[in-house]
Each structure stands twice: as C-alpha cells, then as structure tokens.
Amino acid sequence: MAPLVKDTLESFLSGVHPTAPHVFSPITVGDLTLSHRIVMAPMSRSRSPKEEANDLNALYYSQRATRGALLISESTIFSSTGNGYPDVPCLITDDQARAWKKVTSAVHDKGAYLVSQLCHVGRVSIPDFQPDGAAPVSASATPLISARAAPGATARALEVEEIKAIVKEYGAGARRAIGIAGFDAVEVHAGHGFLISQFLHASSNLRTDEYGGSIENRARFLFEALDAVVAAVPASRVGIRLSPFLGAHEVKDDATPELFSYVVRKLQDYRLAYIHFSEPATFKKPKDAPVDWHATSQLNQFIELVKAPTKVLITGGYYLAEAELAISSGRAHLIAMGRPFITNPDLVLRFWNGSELFVGNDPTGMYYLPGPKGYTDFDTLLEAEAKKLVEASTKDVDAAEDKAKDSK
C-alpha cells in the first residue's frame, strides 16, 4: 500500500479535515449517530432480477459505505401496484424483505447505516408492471408519464378504499424494512412526480372528494401514509423526501409556495429524523456558477420552517465545497450526493484526501444494464494505486529484459 493512501485512511479515522470541517463532523440524525455529513443519495440501478435484492446489490452498497455514514437505498417498492421500472428490489413480501438482509448486513459490517426509500410510482408506470396488466393508478385519470407508455394511455384514478389500502401498505412496508430487512430507517418518497406527489399537485390531482381540491385535501394522502409509517416504526427512524420545484414527471402547481409551506409546517408535528429536499437544479452545477450558487435557492423558504430535532438534508448539484458552505452557513445539516457515488465508490475518502474524482459518462446505458459492469467495477483509490504499482513493476521488468537482450 502506498504511503499516501495509508496516511489518508488513518487520518480519516481520527483527524479533522482542513477545508471541510463541518462536512467531516459528527451529527445525530434521529436515532443514528453519523461520523460525517455526506449521504449517498437514492439511485435506482435496475440490478435486482426477480424483484429481490442480491449479492451484487450487497457489494454495490458496501463499496460505498464508510464508518458512521448514511446511505439511502434506491426506490424500494412496497405495493403490488407501485412499480414502474425493471429489476427493482421490493418489500412487498416477507421473503423480499429477507433478501434485503444480505445488503443491510454488508453495510453494517462497514459500520454504516442504510435507509430504505419507500416508493410508489403511481402513473409513472405501464401495464406490464401492474397486476394482471391493469392500468397504473394515480390520484386521477391523467396521462401515463413513462417513455414506454402507449400514446394516449391514461392512469386509473384510485377509489377511496384503494387509497386506504395503499396507506396500510406504507405501514407494512416500513415494518418489513426495519423489522425483517434490517434497515436502520425508512424514507417516504413524496417527491419526483411519484404517487404522493401526484396527489399533492393540482396538475395531476383533479379529484373532488376528500383527497382533492384544497391544499389540505391534496396533502391528506401524504399525511395518512406518514401516519401509517410512524405507527409502524419510530418517527426518529423516519425521513421524507420532497421536491417542491423540481417538476419531475410533469407535476406542477401554481401555488407551490403555499402548498409546501403547509406541508413542511405540518411535518414539524411528527419530529421526523430528517426532511430530504431536492434542489430545483438537481443534476449538475450551472456553467460558471459560483460555489455559493445554492444560497438563493427557492427551497430556502421551506428550509426555514424546519425545526429541531428534524434535520435538513439537501440533494442536487453539490460537491465538497458547496456542501461545506451549505452546512457551515446553517442552511443544511446533511448533503446527499448521487452521481459522484456511481463512479467513485470511495467518494468520501476521495473528498477527504483531495483526490481527483473519476467522472464517467454512460453512452451505452451501462449504469442501468444487468451485471457488474457500470455498477461494481469502478476502482477505489486503493485499487487504482495498486494497479499503478503493478503497471510500474511490469514496465521495470520489461525494461530489464530489454536491457538484458541488448547486452547479448
């Protein structure tokens, strides 16, 4: 092992970071004590055939775990009507929950924590993923939002009894996640245009009953689902994800500030572990933007409403410098990162060391194809350094052999 990486590992375990002391400082989030503030964001990767977590998934998550870290799983489906993507790991049955145990155990072996993101995609689906090939469900009969959907295909509006049944499934999913699968917490996905978001936004919720119309009615499903979750597991083990201005999957609302001010204020009654906000600019930093480009985010009006003990977690275009600024300014407690973790399994260590990040591209879609390629085959610093040593040694041997030949 080269001295640089060895020293880095030792200092990471016990030192203070010279330029990002707030990022690399401990914090308590609900019942969990973290050693630093970098969270692995949830990312669907379609690597779970038969809808069950497997050994490859366990390797993927454990590669990205560090002592005292928080990782959030890919969207995990807990309802038979909730899926819209291939090879997604589920929590619909106890057997599926037990399959997740190998993943949570692998993460725990690294001293890290894993959160299960409970997700129902609603109309972001097609009949192929639904029981008996039925139409996907949503708040209202609005167009399916999927690249694979037939032109003009629409979702089916849920009946009130079906809404109540899905609410119960949220509770059952949370119970399986923590009680059987061994997750440390759950995150209710209420953003990105999925089912809860479809109820929240006026563009996708055209109902006239108790689940539609006013902001309070459109938020009813969210809070009923959350009630079911906190009845099943402690609120200190529960987070929620919101994406007020993201506009994903064609949900929007002319009264977004009023809608999410109501939601965030009401969430304070639950004393959740955290609220996970998605920045409007989620995927990349605008060209030539300053390091404080998030400082004037539209999210600030909602962040200001969050009260202790609930922590603020933000995702969207953050790297180390931006994360340090957001945390040191008091704007966030935690920063989640997604894409950098795909190609840098030891992202936290690279940040600590000031090492260059490997920036990959995905022209062939390998990040979402079956198997380890584009999933678990990215080098860590240790592996990259070992390869360099082998290459250097090989070159020395080749040079010596060439010199010996020339001397004959």
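In what follows, the structure referred to is the one given above.
The text that follows walks through the structure, step by step, so that each part is easy to find. (Residues numbered from 1 in each chain as written. Predicted model: local features only at pLDDT ≥ 70, side-chain atom pairs only at ≥ 80, totals over all residues. Heavy atoms only, no water.)

What follows is about the sheet that holds strand E3 (residues 38–40). The strand order E3-E4-E5-E8-E9-E10-E11-E12 describes a closed barrel built from eight strands, whose pairing is parallel. Averaged over neighbouring strand pairs, the angle between their axes works out to 25° when direction is ignored. Where strand E9 (residues 238–242) lies against strand E10 (residues 274–278), four bridges are found, and the strand directions are parallel. Counterpart to Ile 240 in the pairing with E10 is Ile 275. (Pairing = 2+ DSSP bridges. Helix = DSSP H or I, 4+ residues; strand = E, 2+ residues; numbered from the N terminus. Axes fitted to C-alpha atoms, helices over the stretch in contact; angles between N-to-C directions.)

Moving on: empty space enclosed by the protein. Evaluation of the coordinates by the stated rule reveals one cavity of 30 Å³ or more. Contributing to the lining of the largest cavity are Val 29, Asp 31, Leu 32, Leu 70, Val 115, Ala 185, Ser 236, Arg 237, Ala 273 and Tyr 274. Its residues placed into classes, the lining of the largest cavity shows seven nonpolar, one polar and two charged. (1 Å grid on protein atoms, 1.4 Å probe; cavity = no way out; pocket = protein on both sides within 12 Å on 5 of 7 lines; lining within 4 Å. Points joined across faces, edges and corners; volume = space filled by probe spheres on them. Nonpolar A, V, L, I, M, F, W, Y, C, P; charged D, E, K, R; others polar.)

The topology assignment puts Pro 345 in the loop between helix H11 (339–343) and helix H12 (347–353). Separated by 36 residues in sequence, Pro 345 and Leu 381 have C-alpha atoms that sit 9.2 Å apart. Not counting chain neighbours up to four residues away, the residues in contact with Pro 345 comprise Gln 63, Arg 64, Phe 378, Asp 379 and Thr 380. (Contact = heavy atoms within 4.5 Å.)

Looking now at the nonpolar core. Ranked by size, the top nonpolar core spans 90 residues in total, and within it Phe 221, Leu 242, Leu 267 and Phe 277 carry the most contacts. The leading source of residues in this core is helix H7 (residues 220–232), at seven residues. In this structure Phe 277 touches Leu 242, Pro 244, Val 264, Leu 299, Phe 302, Ile 303, Val 306, Val 312, Leu 313, Ile 314 and Thr 315, once residues within four positions along its chain are discounted. (Core = buried A, V, L, I, M, F, W, Y, C linked by side-chain atoms within 4.5 Å. Buried < 20%, exposed > 50% of the residue type's maximum accessible area, 1.4 Å probe, protein only.)

The next subject is the pattern of salt bridges. Inspection of the entire model under this criterion finds nine salt bridges. Note that Arg 218 is salt-bridged to Asp 253, the shortest N-O span being 2.6 Å. With a gap of 35 residues between them, Arg 218 in helix H6 (residues 215–218) and Asp 253 in the loop between E9 and helix H8 (256–267) connect regions that are remote in the sequence. Here the two residues Arg 218 and Asp 253 agree in accessibility, since each one is buried. Residue Arg 350 is joined to Asp 346 by a salt bridge in which the shortest nitrogen-to-oxygen separation is 2.8 Å. The class of Arg 350 is buried, set by a relative accessible area of 7%. Given the relative accessible area of 9%, Asp 346 is considered buried. (Salt bridge = Lys/Arg side-chain N within 4 Å of Asp/Glu carboxyl O.)

For the pair helix H4 (residues 160–179) and H7, interaxial distance at closest approach is 8 Å and the crossing angle is 35°. The interaxial crossing formed by H4 with H7 has right-handed handedness. Residue-level contacts link Ile 163, Lys 164, Ile 166, Val 167, Tyr 170, Gly 171, Ala 174 and Arg 175 of H4 to Phe 221, Glu 224, Ala 225, Ala 228, Val 229 and Ala 232 of H7. (Left-handed = near helix turned anticlockwise from the far one by under 90°.)

Before going further, it helps to spend a moment on the pairing of strand E8 (residues 185–189). Two faces, one strand: in a regular strand the side chains alternate between the faces of the sheet. Extensive coverage of E8 is indicated by the burial of five of its five residues. Burial along E8 is two-sided: the residues Ala 185, Glu 187 and His 189 and Val 186 and Val 188 are all buried. Pairing of strand E5 (residues 113–119) with E8, which is carried by four bridges, proceeds in the parallel orientation. Each residue of the ladder has a partner; that of Ser 116, found in E8, is Val 186. Pairing geometry for E8 and E9, over four bridges, is parallel. Directly across from His 189, in E9, lies its bridge partner Arg 241.

So, on to the environment of Ala 41. Here Ala 41 is to be found in the loop between E3 and helix H2 (55–63). Here Ala 41 falls in the buried class, since its relative accessible area comes to 3%. In this structure, Ala 41 is in contact with Ile 72, Thr 315, Ala 336, Met 337 and Gly 338, ignoring residues within four places of it in sequence.

Overall, the coordinates contain 15 aromatic pairs when judged by the stated rule. Relative to Phe 221, the ring of Phe 199 lies with its centre 4.5 Å away and its plane at 40°, an arrangement referred to as tilted. With Phe 199 in helix H5 (residues 195–200) and Phe 221 in helix H7, this pair connects stretches of sequence that are 22 residues apart. Here Phe 199 falls in the buried class, since its relative accessible area comes to 0%. Relative to Tyr 270, the ring of Phe 223 lies with its centre 6.0 Å away and its plane at 20°, an arrangement referred to as stacked. Taken together, the residues span a long stretch of sequence, with Phe 223 in helix H7 and Tyr 270 in the loop between H8 and E10 at a distance of 47 residues. Across the pair, exposure class does not vary: Phe 223 and Tyr 270 are buried alike. Here the aromatic residues Tyr 60, Tyr 61, Trp 100, Phe 183 and Tyr 375 are joined through ring pairs into a cluster of three or more. (Phe/Tyr/Trp six-rings, centres within 6.5 Å; stacked < 30°, edge-to-face > 60°.)

Turning our attention to the packing of H2 against helix H3 (residues 94–109). Interhelical geometry of H2 versus H3 gives an angle of 25° and a closest axis separation of 8 Å. Relative to H3, H2 is oriented roughly parallel. For the crossing formed where H2 meets H3, the hand is right-handed. Between H2 and H3, the contacting residues are Asp 55, Asn 57, Ala 58, Tyr 61 and Ser 62 on the first element and Trp 100, Lys 102, Val 103, Ala 106 and Val 107 on the second. (Parallel < 35°, antiparallel > 145°, perpendicular 65-115°, else oblique.)

This paragraph deals with the side chain of Thr 104. With respect to the element layout, Thr 104 can be found in helix H3. The residues touching Thr 104, leaving out its near neighbours within four places in the chain, are Leu 114, Ala 181, Gly 182 and Phe 183.

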